[in-house]
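Each chain, written out:
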Amino acid sequence: MDQEKQYDAIIIGSGINALVAGAVMSIAGWQVLICERNDKPGGAIRTEQATLPGFTHEMLSSWHPLFVGGPAYAFLKDELDKRGLVYKNTEAPTGVICDDGSAILFTDSEKTSGEFARLSDKASWENMMGEFTPKLDLAFGLLGADLWHASSLKLARVARKRFGTRGLIATGAELLEPAQPWLDRQFKSPVSKALLAPWALHNGMGPDDAGSAFITKVISAAIAFGGMPVPIGGGVVLVDALISIIKDNAGDLLTNADVVKILIDKKKASGVELADGRTFMSQKAVLASTTPQVLYQKLLENNLVPAEIKSAANNFRYGRAAVQIHLALSEPPIWKNDPRMKDVAVVHVLDGVGSLSESVNAANRGYLPARPTIVVGQPCVVDPSRAPEGKSIIWIQLQENPQVIKGDLANEISKGDGSWSQEVLNSYADRILDQLGDQITNLKSATLAKIVLGPREIEAMNINLVGGDPYSGDCRIDQFAPWRPLTTATGHRTPVKKLWHIGASTHPGPGLGGGSGFIVAQKLTKKSLLRKILQK
Ligand SMILES: Cc1cc2nc3c(=O)[nH]c(=O)nc-3n(C[C@H](O)[C@H](O)[C@H](O)COP(=O)(O)OP(=O)(O)OC[C@H]3O[C@@H](n4cnc5c(N)ncnc54)[C@H](O)[C@@H]3O)c2cc1C
């Protein structure tokens, strides 16, 4: 790589936000360098034939509704299409198996209404969608907007016009309501509640957290409208397509490139230094897709960071840890209590909202839950190319895990020294597979190979997933929206000119939307894009 080359922008990290930012800038004519410390790009997108040949697993993130439904994809779609990225979707994005029964949420609204009718909750569901759908533009606006841009004031003005001042204040309360009381008020059946409640987990929340009702409504509506798309062949196809946009526009990707310092010239970010001593220079911007601690305690010299920023970065917390289990199966799963689940992309298996609340609380207190919520992903339902014909894979995610183990709610697993030792991880995975085996009758007999990733392994795969936190920072309300990444509410700006902070630790938070990369790249390249369009 040519160290003399002057890039327009250098991006630290190659997760979805970094690659989206790089692609948007490249399309605007900027020359971009991506520096990734791992040997492969993609961050939490990691597609590998990790168990057996022909079985394609998403080792970390798997489902792309946030990307497909978001503004970054709308902007990049033509360029991604040209590079062979094809999304497949399903009519049955999610379902639940719980103590009181089972249910499926379909993208076909009549089928979903039929499902809720069976649970005596047809009117409850339709009322919820009827009330929430007209607010969806504002909800997505709030979650996707650059909160530090004048356009956000427009969003606030629209909301005030629509709801009036009192209505706006009431909407504020609605935004903060926890999911549990809302579900109890809205739905009769425990199955309806268990169908929707686990989705708050996918934004790092539990059903008792402030704001979890809003998140549950947003995700439920998004899935009901948008399904559960995945790229044919896996997330790596998206990663490759984004990198191809960058390279086709004179940009570069450097792997095994651990950035240890942001270079400063006349108080402005001017480049980066790698662990091996190489330096690279940029003229217009450096974007850091790192945690706040890495950015403010490691990459920048101490005297460049004001005391209040330093203190806010110190206080940035990480959330519960993730555990992933990947199975290669000799045949598709057979679901005992509701055979229809074989066609559902993501099935939550749990006792009910009570066990969800208990498991989140247990993990927050340092305990392994006795009846964790098992997120069972069946990628072959959407993209059969993920396994050889007649065979299948399962992507299991567990989100109610402590980072440091103080005990076991079931009193079966010894906490040892509190770390996720191989012994603890294996025992916990056995608990999960035993519980899931009660629902999937052929789970054990069909398993050809298995991989278990604990918090330690997950962090080793991506340094931003601190302690195994899949969301690079606790997503409870005090660390969300204007307060993400820092309580000082500085957004993606940093105290150093030309240096921007992106990634899951920043607004609009985790997930495969690419939101922060898109917001910052658009902000930076607006004039270049306009010039390009006018030249055409
Ligand atoms: C197990 C798991 C399952 C998930 N499932 C889903 C899902 O199905 N759908 C969904 O929408 N979201 C999911 N998520 C969340 C989502 O994947 C992440 O929020 C998102 O991918 C984070 O993207 P990012 O842009 O912040 O960068 P990341 O993916 O976090 O990547 C950051 C990259 O920066 C690199 N880096 C950091 N510091 C440096 C440095 N100093 N020098 C060079 N490189 C550096 C890292 O090595 C890493 O590759 C999941 C996450 C996990 C962990």
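Quantities reported herein were computed from a predicted structural model and do not represent experimental measurements.

1. Comments concerning the domain arrangement of the protein chain
Phase 1: Taken domain by domain, the protein chain consists of domain 1 (6-47 + 58-88 + 233-315 + 471-535), domain 2 (94-226) and domain 3 (320-461).
Phase 2: Domain 2 puts 25 residues into the contact, and the matching count from domain 3 is 23 residues.
Phase 3: Across the pair Arg-340 and Glu-115 runs a salt bridge whose closest N-O atoms are separated by 2.7 Å.
Phase 4: Where domain 2 touches domain 3, the interface holds eleven residue pairs in polar contact (both at pLDDT 80 or more).
Phase 5: Every element with two or more residues in the side of domain 2 that touches domain 3 is listed here: strand S6 (94-98), strand S7 (101-105), helix H4 (109-118) and helix H9 (190-196).
Phase 6: Here the side of domain 2 that touches domain 3 gets five residues from one element, more than from any other, and that element is S6.
Phase 7: Here the residues of the side of domain 2 that touches domain 3 are counted per class, giving 13 nonpolar, seven polar and five charged.

2. Some thoughts on the packing of helix H1 (residues 16-27) against helix H3 (residues 71-82)
Phase 1: Packing of H1 against H3 leaves a shortest axis separation of 11 Å and a crossing angle of 60°. Between H1 and H3, the angle is such that the two are oblique. Note that H1 runs across H3; the crossing there is left-handed. Contact residues: H1 offers Val-20, Ala-23, Val-24 and Ile-27, while H3 offers Ala-72, Phe-75, Leu-76 and Glu-79.
Phase 2: A per-class count over the contact of H1 with H3 returns seven nonpolar, no polar and one charged.

3. Considering helix H8 (residues 179-186)
Phase 1: The set of residues buried in H8 consists of Ala-179, Trp-182, Leu-183 and Gln-186. All buried residues of H8 project into a common sector of 100° when viewed along the axis, lining one side.
Phase 2: Each element contacted by the buried residues of H8 is listed here: helix H5 (122-132), H9 and helix H10 (212-226).

4. Let's talk about the nonpolar core
Phase 1: One finds Trp-63, Val-96, Trp-125 and Phe-187 to be the most contacted residues of the largest nonpolar core, which totals 45 residues.
Phase 2: In this structure, this core is formed jointly by two domains, domain 2 (94-226) and domain 3 (320-461), each of which donates at least three residues.
Phase 3: Among all residues touching Phe-187, those that are not within four sequence positions of it are Phe-116, Asp-121, Ser-124, Trp-125, Met-128, Trp-182, Ser-192, Lys-193 and Leu-196.
Phase 4: Ranked by size, the runner-up nonpolar core spans 40 residues in total, among them Ala-18, Ala-23, Leu-238 and Ile-502.

5. Observations concerning the packing of aromatic side chains
Phase 1: Using the criterion set out here, one finds eleven aromatic pairs in the structure.
Phase 2: Ring centres of Phe-67 and Tyr-87 lie 6.5 Å apart, and the angle between their planes is 40°; on these two criteria the pair is classed as tilted. Here Phe-67 is found in helix H2 (residues 65-68), whereas its partner Tyr-87 is found in strand S5 (residues 87-88), with 20 residues between them in sequence. Grouping residues by exposure puts Phe-67 and Tyr-87 together as buried.
Phase 3: Between Tyr-73 and Tyr-87, the ring centres sit 5.5 Å apart and the planes meet at 80°, which makes this aromatic pair edge-to-face. Highlighted residues: Tyr-73 in helix H3 and Tyr-87 in strand S5, separated in sequence by 14 residues. For the pair Tyr-73 and Tyr-87, a shared accessibility class is recorded, and that class is buried.
Phase 4: Three or more aromatic residues joined by ring pairs form one cluster here, namely Phe-116, Trp-125, Trp-182 and Phe-187.

6. Overview of the packing of H4 against H5
Phase 1: It is at 7 Å that the axes of H4 and H5 come closest, and there the two elements cross at 135°. As the angle between them shows, H4 and H5 are arranged oblique. Taking contact as the criterion, the partners of Thr-112, Ser-113, Phe-116 and Ala-117 in H4 are, on H5, Lys-122, Trp-125 and Glu-126.
Phase 2: Of the residues contributing to the contact of H4 with H5, the split by class is three nonpolar, two polar and two charged.

7. Observations concerning the site of the ligand
Phase 1: In the neighbourhood of the ligand, 35 residues make up the surrounding shell, with Asn-17, Glu-36, Ala-44, Ala-504 and Gly-511 lying closest.
Phase 2: Between an oxygen atom of the ligand and a side-chain N or O atom of Asn-17, the distance comes to 2.8 Å.
Phase 3: Here an oxygen atom of the ligand and a side-chain polar atom of Asn-462 are 2.9 Å apart.
Phase 4: Protein burial of the ligand: of its 1,000 Å² of free accessible surface, 97% is covered by the chains.

8. Comments concerning the pattern of salt bridges
Phase 1: Evaluation of the coordinates by the stated rule reveals 31 salt bridges.
Phase 2: One salt bridge in this structure joins Asp-338 and Arg-340, with 2.9 Å as the shortest N-O distance.
Phase 3: Of the residues examined, Asp-338 reaches a relative accessible area of 6% and is grouped as buried.
Phase 4: Of the residues examined, Arg-340 reaches a relative accessible area of 34% and is grouped as partly exposed.
Phase 5: It is possible to trace a salt-bridge network through shared partners that takes in Glu-79, Lys-82, Arg-83 and Asp-248.

9. Focus on the pairing of strand S14 (residues 346-349)
Phase 1: Every second residue of S14 is oriented toward a common face, with Val-346 and His-348 on one face and Val-347 and Val-349 on the other, all of them buried.
Phase 2: Pairing of S6 with S14 involves four bridges; the strand directions are parallel. Looking at S14, one finds that Ile-97 is bridged to Val-349.
Phase 3: Where S14 lies against strand S16 (residues 374-377), four bridges are found, and the strand directions are antiparallel. Considered in S16, the bridge of Val-349 is made with Ile-374.

Criteria and thresholds
- Residues numbered from 1 in each chain as written.
- Predicted model: local features only at pLDDT ≥ 70, side-chain atom pairs only at ≥ 80, totals over all residues.
- Heavy atoms only, no water.
- Domains from an automatic or database assignment.
- Contact = heavy atoms within 4.5 Å.
- Salt bridge = Lys/Arg side-chain N within 4 Å of Asp/Glu carboxyl O.
- Polar contact = N/O pair within 3.5 Å; in protein donor to acceptor, adjacent residues only side chain to side chain.
- Helix = DSSP H or I, 4+ residues; strand = E, 2+ residues; numbered from the N terminus.
- Nonpolar A, V, L, I, M, F, W, Y, C, P; charged D, E, K, R; others polar.
- Axes fitted to C-alpha atoms, helices over the stretch in contact; angles between N-to-C directions.
- Parallel < 35°, antiparallel > 145°, perpendicular 65-115°, else oblique.
- Left-handed = near helix turned anticlockwise from the far one by under 90°.
- Buried < 20%, exposed > 50% of the residue type's maximum accessible area, 1.4 Å probe, protein only.
- Arc of directions from axis to C-beta.
- Core = buried A, V, L, I, M, F, W, Y, C linked by side-chain atoms within 4.5 Å.
- Phe/Tyr/Trp six-rings, centres within 6.5 Å; stacked < 30°, edge-to-face > 60°.
- Near = heavy atom within 4 Å.
- Areas by Shrake-Rupley, 256 points an atom, 1.4 Å probe, with all protein chains shown as cover.
- Pairing = 2+ DSSP bridges.

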